[in-house]
Every structure is written in structure tokens, then in C-alpha cells.
Amino acid sequence: MPDRQPATRPFALQPLQGSKLKRYAIALLGMAAALALRSLFQPILGGSMHYVSISAGTVFAAWYCGLGPAVLATILGSVAANVLFLSPYQPLGPFTEKDIIGELLFLLFSAAIIAVAEGGRRALLRLGHLHEILLKSRTQLKFRVRQRAAQLQQSNSDLRDLSVRLLRVQDDERRRIARDLHDSTGQALTALKLELAGIERELASRHPQLARRLAANIESARQISDELRTISYLLHPPLLDELGLGSALRWYMDGFQKRSGINVQLEFSGEARLAPEMETMLFRVVQECLINIHRHSGSATASIRLVQAGGHIVLEVEDEGRGMTAEELADIASGAALGVGLRGMRERIKDFGGELEILSKGQGTKVKAVVPIQTSPSRTFPEEAAAGAVSNPARNAPAITGVIAKRASVN
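The shown structure was predicted, so the numbers you read here are calculated from the model rather than taken from an experiment.

Trainee: With reference to specific residues and values, describe the pairing of strand β4 (residues 355–360).
Mentor: Side chains of β4 alternate between two faces, with L356, I358 and S360 buried and E355, E357 and L359 left unburied. Between β4 and strand β5 (residues 365–372), which pair antiparallel one after the other, the connecting turn spans 4 residues, and G362 there sits at a positive phi close to 95 degrees.

Trainee: Can you lay out the environment of E173 for me, pointing to particular residues and giving the numbers?
Mentor: Residue placement: E173 occurs in helix α5 (residues 97–206). Residues E173 and L235, 62 residues apart in the sequence, show an inter-C-alpha distance of 9.1 Å. A polar contact of 2.4 Å, which involves the side chain of E173, links it to the side chain of R176.

Trainee: Lay out a nonpolar patch on the surface with the relevant residues and their values.
Mentor: On the surface, L67, V71, I75, V79, V83 and L84 cluster together to form a nonpolar patch covering roughly 450 Å² of accessible area. Secondary-structure assignment places V79 in helix α4 (residues 67–85). A relative accessible area of 36% means that V79 is categorised as partly exposed.

Trainee: Break down the side chain of S110 for me, citing the residues and quoting the values.
Mentor: Relative to the assigned elements, S110 resides in helix α5. For S110, the residues in contact, after removing those within four places along its chain, are T58 and T74.

Trainee: Explain the pattern of salt bridges residue by residue, including any values.
Mentor: As enumerated under the stated definition, the model contains 7 salt bridges in all. The salt bridge partner of R222 is E219, with a shortest N-O separation of 2.3 Å. Note that R222 and E219 are positioned in helix α6 (residues 208–235) at a spacing of 3 residues, about one turn of the helix. Members of the salt-bridge network, linked through shared partners, are E219, R222, D226 and R229.

Trainee: Hey, could you go over helix α11 (residues 340–351) for me, with residue numbers and the actual values?
Mentor: A rise of 1.5 Å per residue sets the reference length of α11, with its 12 residues, at 16 Å; its end C-alpha atoms lie 16 Å apart and thus fit the reference within 8%. Within α11, burial applies to L342, G344, M345, R346, E347, R348, I349 and D351. Two residues or fewer past α11, G353 is found with a positive phi of approximately 75 degrees.

Trainee: How would you summarise the packing of helix α8 (residues 245–260) against helix α9 (residues 276–297) if you had to cite specific residues and measurements?
Mentor: Where α8 meets α9, the closest approach of the two axes is 11 Å, and the angle between their N-to-C directions is 15 degrees. Judged by the angle between their axes, α8 and α9 are roughly parallel. Considering how the two elements wind past one another, α8 and α9 form a crossing that is right-handed. For the pair α8 and α9, contact is made by L245, A248, L249, Y252, F256 and S260 and by E279, L282, F283, V286, Q287, L290, I291 and H294, respectively. By residue class, the composition of the contact of α8 with α9 is 10 nonpolar, 3 polar and 1 charged.

What counts, and where the lines are drawn
- Residues numbered from 1 in each chain as written.
- Predicted model: local features only at pLDDT ≥ 70, side-chain atom pairs only at ≥ 80, totals over all residues.
- Heavy atoms only, no water.
- Buried < 20%, exposed > 50% of the residue type's maximum accessible area, 1.4 Å probe, protein only.
- Helix = DSSP H or I, 4+ residues; strand = E, 2+ residues; numbered from the N terminus.
- Pairing = 2+ DSSP bridges.
- Polar contact = N/O pair within 3.5 Å; in protein donor to acceptor, adjacent residues only side chain to side chain.
- Patch = residues over 30% accessible without salt bridge, like charges linked within 9 Å, V, L, I, M, F, W, Y side chains within 5 Å.
- Areas by Shrake-Rupley, 256 points an atom, 1.4 Å probe, with all protein chains shown as cover.
- Salt bridge = Lys/Arg side-chain N within 4 Å of Asp/Glu carboxyl O.
- Contact = heavy atoms within 4.5 Å.
- Expected span 1.5 Å × (residues − 1).
- Axes fitted to C-alpha atoms, helices over the stretch in contact; angles between N-to-C directions.
- Parallel < 35°, antiparallel > 145°, perpendicular 65-115°, else oblique.
- Left-handed = near helix turned anticlockwise from the far one by under 90°.
- Nonpolar A, V, L, I, M, F, W, Y, C, P; charged D, E, K, R; others polar.

Structure, rendered in C-alpha cells:
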């Protein structure tokens, strides 16, 4: 932002720098102007007060032009004044003793003026030089500050891009691990259960004790299969890809209530399916909010509200727990007390151009996110865009119900 200059500045006669010839010429012109002005008052003043005009020219030459021009202008001006204004108009005489004393006093007075003016002139020139150095230093400092600010902004942008990349890689890795656990390990466990069940039926009549031990192992395998399926769904629920955000949230909310004992109410109004990345982002935010409620709030209830209004998605997750103090909210708003979960939520929402707000009035806490509806995140990386069509097979499935039925039959 450019510096604001004052509207008006007082006029200041700055000492002249540069060519000596120019300074001598200006000093002589100034003395000539002083003599010309004095000549206008010659009919009134006669031969008196001619030193006044010369003194003015001396002051001007000493301040503006320097030592040498001032001395030359004063001597020539004194001679010219004697010629023009004294009678009988002779530059060197005849002089009385009084005239000689007056001339000497004038020359001493002029020398004092020139000495004082020269000292002030040099001091002012030094100040001007220092001022120029300070201005250059200030300009260089501003440039460096802008450069460092640009570098810091670029570093923050790169760091945010990196965090967004990590979050997306984490989601893709969760999706891949969940699919592998469900389709590969889960099916292997199912085949193992079926095979063990057949062996149990064959041993039931001939070796009852061995059959009972085998039945206990089959039950253990069933529990492992159930836990594996639960882990797979928590990593990435297939309903999120197949039926959308509403179904995934209802499934997760039911399981969360059973595991935590917290009563959760869901208000969901979605007119149409959102972009896959946005649905994943909203699901992860709700998941993190419920985990924080279970760990930190001590609330027995929670509510989730997700609506579409005015081209925006409004998500509110609220509890009736211990709440937060004003100091805690201020630390969170400034970023000083953000944990990993809150940082991840904020980065996910910012990636889609949204805003995250945490509200509390001493009891209960509300997490509110407002995100504009869009088809893709604000920053799409080329390799991720190319892999997006492959990493979401549910969007290309011809019959969703067939996929669900197939998975249900396997389990």
C-alpha cells in the first residue's frame, strides 16, 4: 500500500547542488536582482541603505549557492553598489574614514552571514543525504518485507496443499483398505466359516466333543468376521458410495449410538446427490464431531442437522455437554489450541471454500460449517482428477441394488 503524502507542504528553499558554473551564475543573478530592486528606490533613498540590498543578495547566495559564489557575489555587489548608489559614483573613492569603517563592518557582517549560512547549508545537505539513504533503506525494507510476506504466503499455501493432499490420500487409503478387508479378507473368513460348519456337521454324530470344540472356533471366526466388517465400514462405509450421504450418516449414527450410548438425532434434507468428494468430506466432519462429543463433552445426547439452503450446505452438530469457555473458544479461533481432529475438519472444509465455526455458551457446544455446493473441491490435483473416475466404482455401477444384494449374500 503506498504511503499517504500530506496534502500541502511548506515551501523550503533547498541548497543548490551540482555544477559550480551554475551555482556561480545563480549567485550573480541573485545579487543583480537585489541591486535592481534597490535601484527602484534610488529616488527616495538616495545614497543610503545600499548595504541592505547587498546583504539580501549575500544571504541568498550563501544559503543557496555555497561559499565561493557567495564571496564573489558579495565583493562584486559591494563594488557595484558603490558605483551605482554613492556620489560621486566611483567604486574605489574618494572614501572618508567613516565610509571605510562602514565598508569594513559590512564585509565582516557579510563574512559572518556567509559562515553561518555555509554551516547551515552543509548541515542541510548532510541531512538531505541521510534522508535519501533512509528513503532507500525504507524502500529496500518494504521490498524485503513484501518478499518475505509473499514467501510466507506461498509456504502456507504449499503447506495447506500438502495437508489437503494428505487428507485425500488418507481417504483413498481408507477406501482401498476397507474394500480389501471386505472383499478379500472378509470373503476368506466367510469361506472358512462355511468349511468349518460342514466339518462340524460331519463330526456331530461321530465325535461330539470334537464337534463342540469346532463350533466354538466357528463362533470365534464369526466374531472376527463381524469385527472385520465393522472396521471396514468405519474406514469407509460402502453406503456412502452406493446410496449417498444420508444413508451413510444414518448407518453410522445407529452404530455410534450402540457403541457409545449417546442418543443421536439426525435432521437431513438433501435434494440430490452431491459430488463424491464433498459427501466424503461431510461424512468425515460428522464422524470427527461425534468422536469429540464421546471423548470430551460428557453429553448424553447429540443432534446432527444437515440441510441445503441457498446454494450452500449447512452442517450443525450440537451436544449438551460441558461446553467451552471464552478463552478456549478464542484459542481455537486463533488456531493456538487446534487439535489434529479440528485441524483436519477445518482443512477439509476450507478446501471446498467453506467456513467452520465453533459456538458455546458455557453448556453445550455447536460445530457449524457452511460450504458452497460445488461439483469438485477448490484445489484439484491432476493425478487425483485422473484417478477419480477409477476410485469410485459405485458411480459407474449399472444396478446399485444388485451390488448390495451381492454383498449381503456373501455376509
